[in-house]
Amino acid sequence: MTHPNDVAVGIVGLGGIGSHHATKLTERGANLVGGMDVDADARARFHEEFGVPAYEDETDLYEDCDAVLVTTPNRFHEEYATSALSAGLDVLLEKPLAHTLDSAERIADAASDADGFCMVGFNNRFAEPVQVIKHYQDEGRFGETTHVEANYVRRRGVPGRGSWFTSADVAGGGALIDIGVHAIDLALYLLDHPEVVEVSGDTRSEFGGRDDYAYVHMWGDDAGPEGFDVDDSASAFIRGADGSTVSLEVAWATNRPATDEFVVRGTEAGATLDRGSGDLTVHEAGVGGGHHLTDASVETRDGDAHAAEQATFLEAAADGEAPSINTVEEGLRVQRVIDAIYRSAETGAAVRLD
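The rules we used
Residues numbered from 1 in each chain as written. Predicted model: local features only at pLDDT ≥ 70, side-chain atom pairs only at ≥ 80, totals over all residues. Heavy atoms only, no water. Helix = DSSP H or I, 4+ residues; strand = E, 2+ residues; numbered from the N terminus. Rg over C-alpha atoms; globule rule 2.2 N^0.38 Å. Buried < 20%, exposed > 50% of the residue type's maximum accessible area, 1.4 Å probe, protein only. Contact = heavy atoms within 4.5 Å. Areas by Shrake-Rupley, 256 points an atom, 1.4 Å probe, with all protein chains shown as cover. Lys, Arg positive; Asp, Glu negative; His and termini not counted. Charge placed at Lys NZ, Arg CZ, Asp CG, Glu CD. Pairing = 2+ DSSP bridges. Axes fitted to C-alpha atoms, helices over the stretch in contact; angles between N-to-C directions. UniProt positions renumbered as here; feature names shortened; annotations may be inferred. Patch = residues over 30% accessible without salt bridge, like charges linked within 9 Å, V, L, I, M, F, W, Y side chains within 5 Å. Salt bridge = Lys/Arg side-chain N within 4 Å of Asp/Glu carboxyl O.

### Looking at the overall build of the protein chain
Part 1 of the reasoning: A tally of regular secondary structure across the protein chain gives 10 helices and 15 strands.
Part 2 of the reasoning: Computed over C-alpha atoms, the radius of gyration of the protein chain comes to 21 Å, within 12% of the 20 Å expected from 2.2 N^0.38 for 354 residues, which places it in the range of a compact globule.
Part 3 of the reasoning: Its C-alpha atoms give the protein chain principal-axis dimensions of about 70 × 55 × 40 Å.
Part 4 of the reasoning: Expressed as a percentage of its 354 residues, the buried residues of the protein chain come to 55%.
Part 5 of the reasoning: Long-range pairs, those at least 24 residues apart, make up 72% of the contacts in the protein chain between residues at least 6 apart in sequence.
Part 6 of the reasoning: Only carbon and sulfur atoms are counted for the fraction: they give 43% of the accessible area of the protein chain, which is about 15,600 Å².
Part 7 of the reasoning: Measuring between centres, the 25 positive side-chain charges of the protein chain sit 7 Å from its 65 negative side-chain charges.

### Quick word on the sheet that holds strand E7 (residues 145-153)
Part 1 of the reasoning: One open sheet accounts for nine strands, arranged E14-E13-E12-E11-E7-E10-E9-E8-E15; its pairing is mixed. Looking along the sheet, the strands with just one partner apiece sit at the ends: strand E14 (292-298) and strand E15 (351-352).
Part 2 of the reasoning: Note: E7 against strand E10 (residues 245-251), seven bridges, orientation parallel. When the bridges of E10 are listed, Val148 appears paired with Val246.
Part 3 of the reasoning: Contacts from helix H8 (residues 175-190) reach E7, strand E8 (196-204), strand E9 (233-240), E10 and strand E11 (261-266) within the one sheet, and its direction differs from that of E10 by about 155°.
Part 4 of the reasoning: Contacts between helix H10 (residues 328-347) and the sheet are confined to E8, E9, E10 and E15, with E8 contributing the most and set at about 55° to the helix.

### Quick notes on the UniProt feature "domain: GFO/IDH/MocA-like oxidoreductase" (unreviewed entry) in the protein chain
Part 1 of the reasoning: Those residues carrying the UniProt feature "domain: GFO/IDH/MocA-like oxidoreductase" (unreviewed entry) are residues 131-270 in this numbering.
Part 2 of the reasoning: Structurally, residues 131-270 comprises 21% helix and 29% strand, and the distance from its first C-alpha atom to its last is 14 Å.

### Overview of the UniProt feature "domain: Gfo/Idh/MocA-like oxidoreductase N-terminal" (unreviewed entry) in the protein chain
Part 1 of the reasoning: In the numbering used here, UniProt assigns the feature "domain: Gfo/Idh/MocA-like oxidoreductase N-terminal" (unreviewed entry) to residues 8-122.
Part 2 of the reasoning: Each end of residues 8-122 is marked by a C-alpha atom, and these two atoms are 22 Å apart; helix forms 44% of the span and strand 23%.

### Examining a negative patch on the surface
Part 1 of the reasoning: Taken together, the side chains of Glu56, Asp57, Asp60, Glu63 and Asp64 make up a negatively charged region of the molecular surface.
Part 2 of the reasoning: Assignment of secondary structure puts Glu56 in the loop between strand E3 (54-55) and helix H3 (58-62).

Structure follows, in structure tokens:
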């Protein structure tokens, strides 16, 4: 039986997230065999930092690999995920599945016909407070989970204007497809992936295109408003076929306090999770000994969600069996919701998905 750390793994896309994954892999003693990027400077940095070959052509990398992590800009997910699957490799594909729904569907089709599997990089599922919530749900402590308030809001957090993140052509959108994808996936995960039947939403671009965009911190260099043509916030309401619902607030920039709060509401109990800090509180009520309300703080260990995600991926690759979590089908479901929010914003009407 193959040990997970014996799986020969490469990375396609050697920017910030690719290097982050490479660092996590080396920390766990994984068999990182190389990387690939079209940019020569990125290849040089990767080779110097991690001491493994860095190629300009993905086929050269694939020859040495059993599995790959694809961490390119969104527009190129399809190209590299499908070529890796065609080469018989297992793939961990960073979120979102793709920059458009059509591209995401082609990735899903390729995965369904491949010998290897495709796992989607929704790392927040692996956070220990999230797993505690899932445990309580499985125990029945929450009763029926009916609604999630999903918030991923930055007060001022537009990525470097002029980077691929702020280009509709490369990213496929702005705040919604960048960080909103995490909020949507986590909400659907906490609702056990209901069939989504209706989506209503709106997107806004109120700050990133301004000459006087005021900020304290910015990731990357600022090319100014001409480098920004995407949404910087979104609001949506999502209905499931089982009656469950999600209210979504996402923003790179908005005039309100930042929040990463997820509120899970069930018929017997609920919970509030601060995704950023990991703080978790369970809310209950009862009549025993007198009518009362209880708010219980839950303390967990400081786990590493990316490392846990990688461990699941490498264990599945070693076993030769696709993981049951973070499936490409779940990634496609999230992509359909994102696409529906954008369509609802364009038409000013709810979009039916059933």
